[in-house]
Structures are given as C-alpha cells and as structure tokens.
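# Examining the three-dimensional arrangement
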Amino acid sequence: AEHLDPEEAPYHYGLVHHSMGVAAIALAELQPEHRSTRLEQASVALTEALAVFSRSAFPLQHALAKHNLGIAWSALGGKMELRHALGCFEDSVAVLDPRLQASAWNRAYASLVGVEAELAREHQGWTRTDHFVALLVDVTEHERVSLVRERLGRLLALPGSARDGALVDLASSV
C-alpha cells in the first residue's frame, strides 16, 4: 500500500486500504490475542480509504467503508467506540439506496439497530443525536471538527423539511 499514490490512482489506493481494513477485521476474529491491535489497524486503514472514498466522489464505496469502519468501532466495544460506530452506520444507511443496494442497506441498518440497542442499555431514551453530541465531548478538537463537518454535510443534503427537522434536533441536543 505504501507504493500506491493516492493522487495517481485514487480508486486503487482507496480500494487497497479498504481491503486491508476488512482483512484486519477478519484477523481480529481469528486471532483473539491480537484483537484490539487488529481492530485499530482496521480503523486506520478504513479511515485512509475514506480519505479517497468521499461521499460525493464514490458514494457506494464510501458507504461500504463507513459500514466496515462501524464494524471495527463496535467490535472494540467501549461507549465512545459504540458512538463512533453509530455515526458510521448512520452515514452508511443514509448513502445506500435500499432499492438498488438492498443487501448492503439491510446489513448497515441491522448494524445500526444493534448498536442503538447496545447503547440503550445504559442510556434509555437517548436519541442518535444525543449520542453524537456526547461523542463530540469525548474526542479531540480535530476529530470534533471532522465529525461536525461530516454530520452537517449529510444533514444539509436532506430535502427541505427533513433537513430543517434534523438541524433543529441537533441544535436542541447541544
């Protein structure tokens, strides 16, 4: 992967890093003694893939990488990690079209519901937005800026009334 230039071959660069992330997730299951290390490697590789696979340039690849990143975060299992996973699954579901990518959308939605249920055990009545705001408190400033930009970009892409409602929900949770 170090021989690939993201400027010369962005799709291949993203695909290689996405594949490395998926492989690291699989290795985490096969090598329990290295589980945390492998999941962290998956997170790094998938984040690198997402640097290329933007929502606007490569929407399907973006959604799949987000879903796999969510799987890595959720497998790490801490509260902050589950909140990261929740955001990843939300993004994946928002990008995938259930009519065209039904199988991928169903998997992403099932992952979203599963993480929501796990978080609800400790935070009954919290919304996805409540968990997003709580995540913002726990991350670095750089991560916070990135997460807010990404969330606002997704919300601003919604149609009028849905966009307005989502923005009001976000503002009222802050």
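Use the structure listed above.
In what follows, the accompanying structure is described. (Residues numbered from 1 in each chain as written. Predicted model: local features only at pLDDT ≥ 70, side-chain atom pairs only at ≥ 80, totals over all residues. Heavy atoms only, no water.)

With the rule as written, the count across this model stands at four aromatic pairs. Judged by centre distance (5.6 Å) and plane angle (45 degrees), the rings of Y11 and F58 are tilted. In this pair, Y11 is assigned in helix 1 (residues 10-30) and F58 in the loop between helix 2 (35-52) and helix 3 (59-76), connecting sequence segments 47 residues apart. Taking the relative accessible area as the measure of exposure, Y11 reaches 32% and is therefore partly exposed. Members of the aromatic cluster, connected to one another through ring pairs, are Y11, F53 and F58. (Phe/Tyr/Trp six-rings, centres within 6.5 Å; stacked < 30°, edge-to-face > 60°. Helix = DSSP H or I, 4+ residues; strand = E, 2+ residues; numbered from the N terminus. Buried < 20%, exposed > 50% of the residue type's maximum accessible area, 1.4 Å probe, protein only.)

What follows is about the environment of P59. Within the secondary structure layout, P59 lies in helix 3. Between the alpha carbons of P59 and L96 there is a distance of 7.9 Å; along the sequence they are 37 residues apart. Setting aside chain neighbours within four positions, we find P59 in contact with S54 and V95. (Contact = heavy atoms within 4.5 Å.)

It is worth spelling out the packing of helix 3 against helix 5 (residues 102-120) at this point. Running from amino to carboxyl end, helix 3 crosses helix 5 at an angle of 30 degrees, the nearest separation of the two axes being 11 Å. Classified by the interaxial angle, the pair formed by helix 3 and helix 5 is roughly parallel. For the element pair helix 3 and helix 5, the recorded crossing hand is left-handed. Residues L64, H67 and S74 of helix 3 pack against A104, R107, A108, S111 and V115 of helix 5. Looking at the contact of helix 3 with helix 5 residue by residue, the classes come out as four nonpolar, three polar and one charged. (Axes fitted to C-alpha atoms, helices over the stretch in contact; angles between N-to-C directions. Parallel < 35°, antiparallel > 145°, perpendicular 65-115°, else oblique. Left-handed = near helix turned anticlockwise from the far one by under 90°. Nonpolar A, V, L, I, M, F, W, Y, C, P; charged D, E, K, R; others polar.)

Moving on to the pattern of salt bridges. Applying the stated criterion across every chain yields a total of nine salt bridges. Across the pair E150 and K66 runs a salt bridge whose closest N-O atoms are separated by 2.4 Å. Placement of the pair is E150 in helix 7 (residues 141-156) and K66 in helix 3, with a sequence separation of 84 residues. As a salt-bridge pair, D97 and R99 come within 2.6 Å of each other at their nearest N and O atoms. Ionic contacts of the salt-bridge type, sharing partners, join the residues K66, D91, E150 and R154 into one network. (Salt bridge = Lys/Arg side-chain N within 4 Å of Asp/Glu carboxyl O.)

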